[in-house]
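Remarks on the overall topology
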Amino acid sequence: MNTKEIMPMRVSDLAFDIKNPRLAEFDLSVNSTEAEVIWVLWEAMDVRELVLSIAASGFFRHEPLIVAQESGKNVVIEGNRRLAAVKVLLEPTLAKNQKADVPAINQEARQALEEVPTVRGTRKDAWRYLGFKHVNGPAKWSSYAKSRYIADVHRNFGIKLEDIAKQIGDTHKTVQRLFRGLMVIEEAERLGVFRREDRWRRHFAFSHLYTGLDYPGISSFIGLRPEYIEGEEPVPLEKKGELRELCLWMYGSKREKTPPVIETQNPHLRQLDAVVSNKEAVAALRSGRDLAYAFETSRPSGTVFEESLLASKRELQKARGMLSTGYDGSEELLRIAGTVATLAEDLYREMDRKRNPSERKRLTEDG
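So, a few notes on the structure that sits alongside this text. (Residues numbered from 1 in each chain as written. Predicted model: local features only at pLDDT ≥ 70, side-chain atom pairs only at ≥ 80, totals over all residues. Heavy atoms only, no water.)

A cluster of nonpolar residues, Leu316, Leu323, Tyr327, Leu333, Leu334, Ile336 and Val340, forms a patch on the protein surface that exposes about 600 Å² of accessible area. When residues of the nonpolar patch are assigned to their parent elements, the largest contribution, four residues, is made by helix α17 (residues 331-355). Structurally, Tyr327 can be placed in the loop between α16 (323-326) and α17. (Patch = residues over 30% accessible without salt bridge, like charges linked within 9 Å, V, L, I, M, F, W, Y side chains within 5 Å. Areas by Shrake-Rupley, 256 points an atom, 1.4 Å probe, with all protein chains shown as cover. Salt bridge = Lys/Arg side-chain N within 4 Å of Asp/Glu carboxyl O. Helix = DSSP H or I, 4+ residues; strand = E, 2+ residues; numbered from the N terminus.)

This next bit is on the pairing of strand β4 (residues 73-78). Of all six residues that make up β4, five are buried, and the element is covered over most of its length. Direction of pairing for strand β2 (residues 14-15) relative to β4: parallel, over a ladder of two bridges. Paired with Ala15 across the two strands is Val75, which belongs to β4. Pairing geometry for strand β3 (residues 65-70) and β4, over five bridges, is antiparallel. Its bridge partner being in β4, Ile66 is matched across the sheet by Glu78. Taking the residues between adjacent antiparallel strands as the criterion, β3 and β4 are bridged by two residues, where Ser71 takes a positive phi near 50°. (Buried < 20%, exposed > 50% of the residue type's maximum accessible area, 1.4 Å probe, protein only. Pairing = 2+ DSSP bridges.)

Turning our attention to the environment of Tyr251. For Tyr251, the location among the structural elements is in helix α11 (residues 240-251). Given the relative accessible area of 4%, Tyr251 is considered buried. Here Tyr251 is in contact with Ile185, Phe194, Arg199, Trp200, Arg201, Phe204, Ala205, Phe206, His208, Leu209 and Pro260, once residues within four sequence places are set aside. (Contact = heavy atoms within 4.5 Å.)

As for its position among the elements, Leu209 is in helix α9 (residues 206-212). Taking C-alpha positions, Leu209 is 8.8 Å from Leu246, a pair spaced 37 residues apart along the chain. What Leu209 contacts, discounting residues up to four positions off in sequence, is Gly181, Val184, Ile185, Leu246, Met250 and Tyr251.

Remark: helix α15 (residues 301-321) packs on α17, axes separated minimally by 13 Å, with the N-to-C direction vectors making an angle of 140°. Crossing of α15 over α17 shows left-handed handedness. Counted together, Phe305, Leu309 and Leu316 of α15 and Val340, Leu347 and Met351 of α17 form the full contact between these two elements. Looking at the contact of α15 with α17 residue by residue, the classes come out as six nonpolar, no polar and no charged. (Axes fitted to C-alpha atoms, helices over the stretch in contact; angles between N-to-C directions. Left-handed = near helix turned anticlockwise from the far one by under 90°. Nonpolar A, V, L, I, M, F, W, Y, C, P; charged D, E, K, R; others polar.)

Our next topic: the layout of surface pockets. Considering only enclosed or pocket space, the largest pocket measures out at about 550 Å³ in volume. In this structure, the largest pocket is lined by 31 residues; those nearest its centre are Glu63, Glu78, Gly79, Arg82 and Lys133. Secondary structure elements with two or more residues in the lining of the largest pocket: α1 (34-45), α2 (47-57), α3 (80-90) and α5 (123-134). The residue makeup of the lining of the largest pocket, split by class, is 15 nonpolar, nine polar and seven charged. (1 Å grid on protein atoms, 1.4 Å probe; cavity = no way out; pocket = protein on both sides within 12 Å on 5 of 7 lines; lining within 4 Å. Points joined across faces, edges and corners; volume = space filled by probe spheres on them.)

This part takes up the packing of aromatic side chains. By the definition in use, this model includes nine aromatic pairs. Taking 5.5 Å as the distance between ring centres and 65° as the angle between the ring planes, the aromatic pair formed by Tyr144 and Phe206 counts as edge-to-face. In this pair, Tyr144 sits in helix α6 (residues 143-157) while Phe206 sits in helix α9, placing the two residues 62 residues apart along the sequence. In this structure, Tyr144 and Phe206 share a single accessibility class: buried. Joined through ring pairs, the aromatic side chains of Tyr144, Phe194, Phe204, Phe206, Tyr210 and Tyr251 make up one cluster. (Phe/Tyr/Trp six-rings, centres within 6.5 Å; stacked < 30°, edge-to-face > 60°.)

With that settled, consider the sheet that holds β3. Paired through backbone hydrogen bonds, the strands of a sheet run either parallel or antiparallel to each other. With mixed pairing, the five strands of this open sheet are ordered in space as β1-β5-β3-β4-β2. Each end of this open sheet is capped by a strand with a single partner; those strands are β1 (7-10) and β2.

Inspection of the entire model under this criterion finds 22 salt bridges. Across the pair Arg177 and Asp214 runs a salt bridge whose closest N-O atoms are separated by 2.6 Å. One end of the pair, Arg177, is in helix α8 (residues 174-190); the other, Asp214, is in the loop between α9 and α10 (216-221), and 37 residues separate them in sequence. In this structure Arg177 comes out as partly exposed when scored by relative accessible area, which is 21%.

Any link to function would need more than the numbers given here.
Shown next as structure tokens:
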């Protein structure tokens, strides 16, 4: 933004931006109070650190807030965390819900904070700067906030997704992937198969979905259309049930008292992709079995056998290496070793017979 346009404005005349993409995943409305907005910013966006920094060093004048005139209000479309920090320093009771220990500032510092530097702008004028900074730049938003911002720019200003990507320097199709994920969530909410406020955890892990849609098993499970077409739902209506299941497995449901099966993207997202590609594994997950069990069900028996055999070899090698210092002469451990030896011998004999069926037949006939 042009620094020549910087002008001071009274903090009391500035309003929070309820439309801010970072606030989109929280239950805020146009009727939310300043204290409610500050509670969300404090809890989810580390406003406390800014409070301490501004109390110690003041407000950096070279980082003005961007303010838009909307509905008769001076709405801060960039800098809500800094605005919250200043408001809390001027009126510590705004942070009472956090039981925060807000540092006291002297009268001179208070007077200095009553006005902050601002730049006038509009959302349309500022979208490139905000997109570069928060979608693909140094101060990145959460994946859901990014998707909401991209959707707002695309829908409100008529900017094509590929043009948004070019303007913010996105060379990895992140813009298209984020928008596709948002469309799937919006469709699920329209169909009534998912409600964000009903999710099991407070944090909305949107990245689980938009990343998962790149997996072939997950995209096939819900019948995801390969290309985005304006005005067309990304998931066919006949896949409504599968879309509901996917959202439930990813986000859970407080109403149904069902936690999600996805805890972390690695390895759980990969495991879910394998599960939804296998009918027997899907049936296991639907019946209430956990993801680990369903994943094992989805795996080829030959792969499981090989991994089990290799794991057994590694453990036996470890035990052999510790024999001199780890074995105390216990008879019980000796019996366990004997059982292992018998199992190994039986396993080898059966594998050998399966590998050489003709030899087994000859021995049977000679016997």
